[in-house]
Amino acid sequence: MKILKNILLLFCIILGLNAKAQTVDYTYKALAAEGCNMKYSVAKQDTIYSIIATVRSDRMNFLTEPTMKIRTFTGKYLELRGTVIENGSQSAGVISGNIVIPVTEISSTAQFRITPQQFEILNEGVAKIRLSMTPMNHERTFKKDKIGKRLYQFYLKEKQKDENF
């Protein structure tokens, strides 16, 4: 029975790692009330590659036609145009003493088209990223690469899926 539990636990851990393996994310708190959690992944539809960006925040949403501006560590600049896929929200309440404080989390997802040549540029590492959002743009500067090389690896995996069909 103990061996069965250990095998089941190991299976669940491996399954969880595989689910997390295809996204890269970070939490950013520019201002005290304007914090957000960003997630990026790569998808391929027909012959077109896209970066899927999802923001979870208390008030930030992608614009109708968002832009993603990227500066690499070598100084190269990319500007990607996108479309909004989904906007949604979840509401909950936190009880503090006798008071219920409403908490709302907004989730917004956008898809940005990108070419294989632009993925090659991303492999140099992302030094700065700016996403057009409302009520303010999301802008983050990195001291070392957190998302560029990972997105490039996701691109290679998607490309390999097509070649190994």
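All of the points below concern the structure found in this document. (Residues numbered from 1 in each chain as written. Predicted model: local features only at pLDDT ≥ 70, side-chain atom pairs only at ≥ 80, totals over all residues. Heavy atoms only, no water.)

1. Some points on the pairing of strand β3 (residues 48-57)
Of all ten residues in β3, seven are buried, a share of seventy percent or more. In terms of strand pairing, strand β2 (residues 36-45) meets β3 through ten bridges, oriented antiparallel. Across the sheet, Met38 pairs through a bridge with Val55, a residue of β3. (Buried < 20%, exposed > 50% of the residue type's maximum accessible area, 1.4 Å probe, protein only. Helix = DSSP H or I, 4+ residues; strand = E, 2+ residues; numbered from the N terminus. Pairing = 2+ DSSP bridges.)

2. Examining the environment of Val84
Within the fold, Val84 resides in strand β6 (residues 77-96). Look at Val84 and you get partly exposed, because its relative accessible area is 27%. Along the chain, Val84 and Ile52 lie 32 residues apart, while their C-alpha atoms are 9.7 Å from each other. Not counting residues within four places of it along the chain, the set of residues in contact with Val84 comprises Phe62, Leu63, Thr64, Pro66, Thr109 and Ala110. (Contact = heavy atoms within 4.5 Å.)

3. Considerations on the packing of aromatic side chains
By convention here, two paired aromatic rings are described through the distance between centres and the angle between planes. Under the definition given, this model contains five aromatic pairs. Taking 6.1 Å as the distance between ring centres and 65° as the angle between the ring planes, the aromatic pair formed by Phe62 and Phe112 counts as edge-to-face. Taken together, the residues Phe62 in strand β4 (residues 61-62) and Phe112 in strand β7 (residues 99-114) connect sequence positions 50 residues apart. Judged by relative accessible area, which is 0%, Phe112 ranks as buried. (Phe/Tyr/Trp six-rings, centres within 6.5 Å; stacked < 30°, edge-to-face > 60°.)

4. Digging into the environment of Lys76
Among the secondary structure elements, Lys76 is positioned in the loop between β5 (67-72) and β6. The class of Lys76 is partly exposed, set by a relative accessible area of 40%. Between the alpha carbons of Lys76 and Leu122 there is a distance of 9.2 Å; along the sequence they are 46 residues apart. Here Lys76 is in contact with Ile70, Arg71, Ile121 and Glu124, once residues within four sequence places are set aside. In this structure the side chain of Lys76 is engaged in a polar contact, spanning 2.9 Å, whose partner is the side chain of Glu124. (Polar contact = N/O pair within 3.5 Å; in protein donor to acceptor, adjacent residues only side chain to side chain.)

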